[in-house]
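Next come the chains, spelled out residue by residue.
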Amino acid sequence: SFISLLVVLVAGGMNPIYLGLISGTGLAMGDMIMFYIGSKGRKLIKGKWNKKIDKVADIFKKRKWLEKAIPVIIYLYIGFTPLPNDILILFLAAIEYPIKKMNRIIALGDMTFALMVTVLAAQWLV
């Protein structure tokens, strides 16, 4: 519904650059709030699930190349795929990925995605 709303607004005559920047900012704010809530909710997980999440987090921490590749993978996923970001963001919050790194990645990825959709919609409608 987000993509179709952007296309309809561009078709209605809105400036695609401004629309992409504003909608990307709103999308990023929602994703950052979800990441923050997910990171606080991680403390509520106990027992068997806590052990499983810790095992996955250890895999990411032990392999330095994977830890360095995560920002690039996240940016490519958020910025260039029309798939929901919710599961990825909650997963990263669960493995306690640093929130300071995530803020930039989420903002850049969401703005890239929104700008890409609006500019492509404007080009397609011409």
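Remember, it's a predicted structure, so these values are computed and weren't measured experimentally. (Residues numbered from 1 in each chain as written. Predicted model: local features only at pLDDT ≥ 70, side-chain atom pairs only at ≥ 80, totals over all residues. Heavy atoms only, no water.)

Q: Looking at this structure, how should I read the nonpolar core?
A: As a rule of thumb, nonpolar side chains are buried together in soluble globular proteins. Counting residues in each nonpolar core, the largest one holds 18 residues, and the members touching the most others are Phe35, Ile70, Ile74, Leu92, Ile95, Met102 and Ile106. Contributing elements (two or more residues each) for this core: helix H2 (16-41), helix H3 (48-62), helix H4 (64-80), helix H5 (86-94) and helix H6 (99-125). Discounting residues that sit within four places of it in the chain, isoleucine 106 has contacts with Ala28, Asp31, Met32, Phe35, Ile78 and Ile89. Counting residues in hydrophobic clusters, the runner-up holds 8 residues, among them Leu6, Val10, Leu19 and Phe113. (Core = buried A, V, L, I, M, F, W, Y, C linked by side-chain atoms within 4.5 Å. Buried < 20%, exposed > 50% of the residue type's maximum accessible area, 1.4 Å probe, protein only. Helix = DSSP H or I, 4+ residues; strand = E, 2+ residues; numbered from the N terminus. Contact = heavy atoms within 4.5 Å.)

Q: Looking at this model, I keep getting lost on a positive patch on the surface. Mind explaining?
A: Residues Lys48, Lys51, Lys52 and Lys55 make up a contiguous surface patch of positive charge. Relative to the helices and strands, lysine 51 is located in helix H3. (Patch = residues over 30% accessible without salt bridge, like charges linked within 9 Å, V, L, I, M, F, W, Y side chains within 5 Å. Areas by Shrake-Rupley, 256 points an atom, 1.4 Å probe, with all protein chains shown as cover. Salt bridge = Lys/Arg side-chain N within 4 Å of Asp/Glu carboxyl O. Lys, Arg positive; Asp, Glu negative; His and termini not counted. Charge placed at Lys NZ, Arg CZ, Asp CG, Glu CD.)

Q: Looking at this model, I keep getting lost on the environment of methionine 111. Mind explaining?
A: With respect to the element layout, methionine 111 can be found in helix H6. Remark: the alpha-carbon pair of methionine 111 and leucine 21, spanning 90 residues in sequence, is separated by 6.0 Å. Not counting chain neighbours up to four residues away, the residues in contact with methionine 111 comprise Leu21, Gly24 and Thr25.

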